[in-house]
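Examining the three-dimensional arrangement
Each chain is listed here by its residues.
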Amino acid sequence: MSKIAIGIESTAHTAGVGLITSEGEILSNQRALYVPEEGGIHPREAANHHSEKLPYLFKAALEEANLTPDDISLVSYARGPGLGPCLRTGATAARAFAYSNDIPLLGVNHCVAHLEIGLLEGATDPVLLYLSGANTQVIAYAAGRYRVFGETIDIGIGNGLDKFAREAGMGFPGGPKLEKVAKGDELLDLPYSVKGMDLAFSGLMTAAKQKLDSGHSLSTVAYSIQEIAFAMSCEVSERALAHTGKKELVLGGGVACNSRLREMTAIMTEERGVKCFVPDRSLCVDNGVMIAWLGLQMMSADYKITEKDNEVDQRYRTDMVEVTWR
Ligand code: AMP
Ligand code: MG
C-alpha cells in the first residue's frame, strides 16, 4: 500500500518541508532560505528564521498536496550533521507535528538523504559527489554502510565559495553569484589541493582573494576558482569510481546546481563509460523531500524506531548509519 512521508530539513540555512509517496511521487517541496544580513550564517539567527518559517511551510506543503495529517504515515527529520540550534528547531517542529497527530517519528542522516534521492533518479549503486555549503564528500556503499571515500579536510566547497564572494562584496549565497560572473579568458595559478582522496579549499579561496586584490578581474578569478575546485572534485570522484568499480555517479548538494560542474562531471563520466545522474536543482539543494524519502526507505526494511531516533546529533557522520534497507 502506498505510504506518504513528510520530511523536515533544517540543518543549516534552509528550512524545508517535503511530501513524497513510497512510489517516489513528490507531492510538495517547500523551502525557505535564511540569508544573513552580513557575514556568514549565524546559527541562532538561522534557527530563529526556521522556527518562524516552519509552521507556514507545513501548511503550504499540506495545502499543495491537498492532504491532512491523517494521510501521513511517517514524520522524518534531519537528525544531523548540522548546526545545533537549527537541528533542534527542526526536530522540535517534527516532534510537535508527529506527537500531536500520533504519527511515527524518525530522525535521519542528512548526507545519506542526498545520496538516496539520487536513487530516485534511477541510479542503483552510485558514487555520490556531494558538494554543499558545509559538506564536501565522495560517498559510496560498501559492506553495510555508506563509506566516505574522500572529503574536505578544512572547509566545505560551498562555504568556501560563499566566503570568497562575501569578501568580494557579492552577498549570499556566493556560489550562484560567482557562476554568473565567471568567464573563461585566463586560468590563474591557484592551489590545487588534493591530498590522497581528500580535498582542501581554504588555501584556494585565500589565494583567489589575493589575486583579486592584486588587480585580476572578478570574472577571471571566479572562473579560475570554479575550474580548480571542480577539477579537484572530479579527480576524487573519478578515483572513487575506479577503486570501487561502480558505474554510476550522482551529484548532490547546492554546488551541484552549477552548470560548469555538471559539464565537467558529464565529460569525466562519459570518458569512463559511467552514467551520470543529476537530480533537479530543487532536489540538489537542502530540501525536505529527500529527508522524507530516506525515512520511507528505512521504514521499508522494517526499521525499529528507538529513542535514539528522536535526538539530534551535530556530528552525525555518513558512515555511522547502518544501511539495512538495501
Ligand atoms: P546546500 O548546503 O546543499 O543547500 O548548498 C548550499 C551551497 O550551494 C551554498 O554554499 C551556495 O553558494 C552553493 N550553490 C548554490 N548554487 C550554486 C551554483 N550554481 N554554483 C555554485 N555553488 C552554488
Ligand atoms: Mg546538504
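Every residue gets a number counted from 1 within its own chain, in the order that chain's sequence is written. The order in which chains are written sets their letters, starting at A; the order in which ligands are written sets their numbers, starting at 1. At least 70 in pLDDT is required for a residue's local features to be given in this predicted model, at least 80 for side-chain atom pairs to be given and counted, and no such filter applies to totals for whole chains, interfaces and linings, which use all residues. Water and hydrogen atoms play no part in the side-chain values, which are based on all heavy atoms of the structure.

Description of the site of ligand 1
Rules: The near set for a molecule or strand comprises every residue that places at least one heavy atom within 4 Å of it. We call two N or O atoms a polar contact when they sit within 3.5 Å, provided that within protein one can donate a hydrogen and the other can accept it, with sequence-adjacent residues counted only if both atoms are side-chain atoms. Using a 1.4 Å probe, accessible areas were evaluated by the Shrake-Rupley method; residue-level cover was limited to the displayed protein chains. For each structure, a 1 Å grid was placed over the protein atoms alone; sets of points admitting a 1.4 Å probe that cannot get out are labelled cavities, open sets with protein on both sides within 12 Å along at least five of seven lines are labelled pockets, and lining residues have an atom within 4 Å of a point. Each molecule is assigned to a cavity or pocket provided more than half of its atoms lie within 2 Å of the corresponding grid points. Secondary structure elements follow DSSP: runs of H or I of four or more residues count as helices, runs of E of two or more count as strands, with numbering from the N terminus.
Lining the immediate environment of ligand 1, one finds 17 residues, of which D162, G175, E179, G254 and N258 sit closest. Between G254 and ligand 1, the recorded distance is 2.8 Å, taken from a backbone N or O atom to an oxygen atom. Separating a nitrogen atom of ligand 1 from a side-chain N or O atom of N258 is a distance of 3.0 Å. When ligand 1 is considered free in solution it has 510 Å² of accessible area, and contact with the protein chains removes 93% of it. One can see that ligand 1 is located within the second largest pocket. Elements with a minimum of two residues in the shell around ligand 1: α4 (157–167) and α5 (174–181).

Notes on the pairing of strand β5 (residues 105–109)
Inclusion rule: For each residue, the accessible area found with a 1.4 Å probe, counting protein chains only, is set against the maximum for its type, and the residue is called buried under 20%, exposed over 50%, and partly exposed in between. A pair of strands counts as paired when DSSP detects no fewer than two bridges linking them.
Counting buried positions along β5 gives 5 out of 5 residues, so the element sits mostly inside the fold. Side chains of β5 alternate between two faces, with L105, G107 and N109 and L106 and V108 buried alike. In this sheet, β5 lies alongside strand β4 (residues 74–80) in parallel orientation, the contact comprising 5 bridges. Note that in β5 the partner of S76 across the bridge is L106.

Focus on the coordination of the magnesium ion (ligand 2)
This is how the line gets drawn: Water is not part of the atom set, so a site may look incomplete; the donors themselves are N, O and S atoms within 2.8 Å of the metal, or 3.2 Å for Na, K and Ca.
The magnesium ion (ligand 2) binds to the protein through H110 (NE2), H114 (NE2), Y130 (OH) and D286 (OD); the donor distances cover 2.1 to 2.6 Å. Between consecutive donor residues of the magnesium ion (ligand 2), the sequence gaps follow H-x3-H-x15-Y-x155-D. Placement of H114 in helix α3 (residues 110–120) and of Y130 in strand β6 (residues 127–131) is noted, with a sequence separation of 16 residues between them. Neither residue differs from the other here; H114 and Y130 are each classed as buried.

Quick look at the domain arrangement of the chain
How we decide: Source of the domain bounds: an automatic or database domain assignment. Only heavy atoms matter for contacts: two residues are in contact if any of them lie within 4.5 Å across the pair. Buried area is understood as the total, over both parts, of accessible area removed when two parts are fitted together, assessed with a 1.4 Å probe. In this count, Pro and Cys sit with the nonpolar residues alongside Ala, Val, Leu, Ile, Met, Phe, Trp and Tyr, while Asp, Glu, Lys and Arg are called charged and the others, Gly among them, polar.
Each assigned domain of the chain is listed with its residue range as follows: domain 1 (4–115 + 283–320) and domain 2 (122–281). Every contact between the two is made by 20 residues of domain 1 and, on the other side, 23 residues of domain 2. Between domain 1 and domain 2 the total buried area reaches about 1,800 Å² when both faces are included, carbon and sulfur atoms providing 65% of it. Taken as a group, L115, C284 and T318 account for 35% of the area that domain 1 buries against domain 2, more than any other trio of residues on that side. The interface formed by domain 1 and domain 2 includes 12 residue pairs in polar contact (both at pLDDT 80 or more). In terms of residue count, α3 provides more of the side of domain 1 that touches domain 2 than any other element does, 5 residues in total. Tallied by class, the residues present in the side of domain 1 that touches domain 2 amount to 12 nonpolar, 6 polar and 2 charged.

A short note on the sheet that holds strand β1 (residues 4–9)
Note: strands within a sheet are paired through backbone hydrogen bonds, in either parallel or antiparallel orientation. Definition in use: Lines are fitted to the C-alpha atoms to define the axes, a helix being fitted only along its stretch in contact, and any angle between axes, read from their N-to-C directions, falls within 0 to 180 degrees.
Pairing in this open sheet of 5 strands is mixed, and the strands run β3-β2-β1-β4-β5 from one edge to the other. Each having just a single partner strand, β3 (26–33) and β5 make up the two edges of the open sheet. Pairs of neighbouring strands in the sheet enclose a mean axial angle of 20 degrees, with direction left out of account. Across 6 bridges, β1 lies against strand β2 (residues 14–21) in antiparallel orientation. Looking at the pairing, I4 lines up with T21 of β2. Helix-sheet contacts for helix α1 (residues 43–65) involve β1, β2 and β3, and the interaxial angle to β3 is about 160 degrees. Relative to the sheet, helix α10 (residues 288–300) contacts β1, β2, β3, β4 and β5, its axis offset from that of β2 by approximately 45 degrees.

With respect to the environment of R147
The residue R147 is located in strand β8 (residues 145–151) in this model. Remark: the alpha-carbon pair of R147 and Y56, spanning 91 residues in sequence, is separated by 36 Å. Filtering out sequence-adjacent residues up to four positions away, R147 remains in contact with V138, I139, A140 and A142. From its side chain, R147 meets the backbone oxygen of A143 in a polar contact 2.8 Å long.

Topic: the side chain of S132
Relative to the helices and strands, S132 resides in the loop between β6 and β7 (136–142). For S132, a relative accessible area of 5% corresponds to the buried category. One polar contact links S132 to Y130, side chain to side chain, over a distance of 3.4 Å. With residues near it in sequence (within four places) discarded, S132 still touches G156, I157, G158, N159, G253, G254 and V255.

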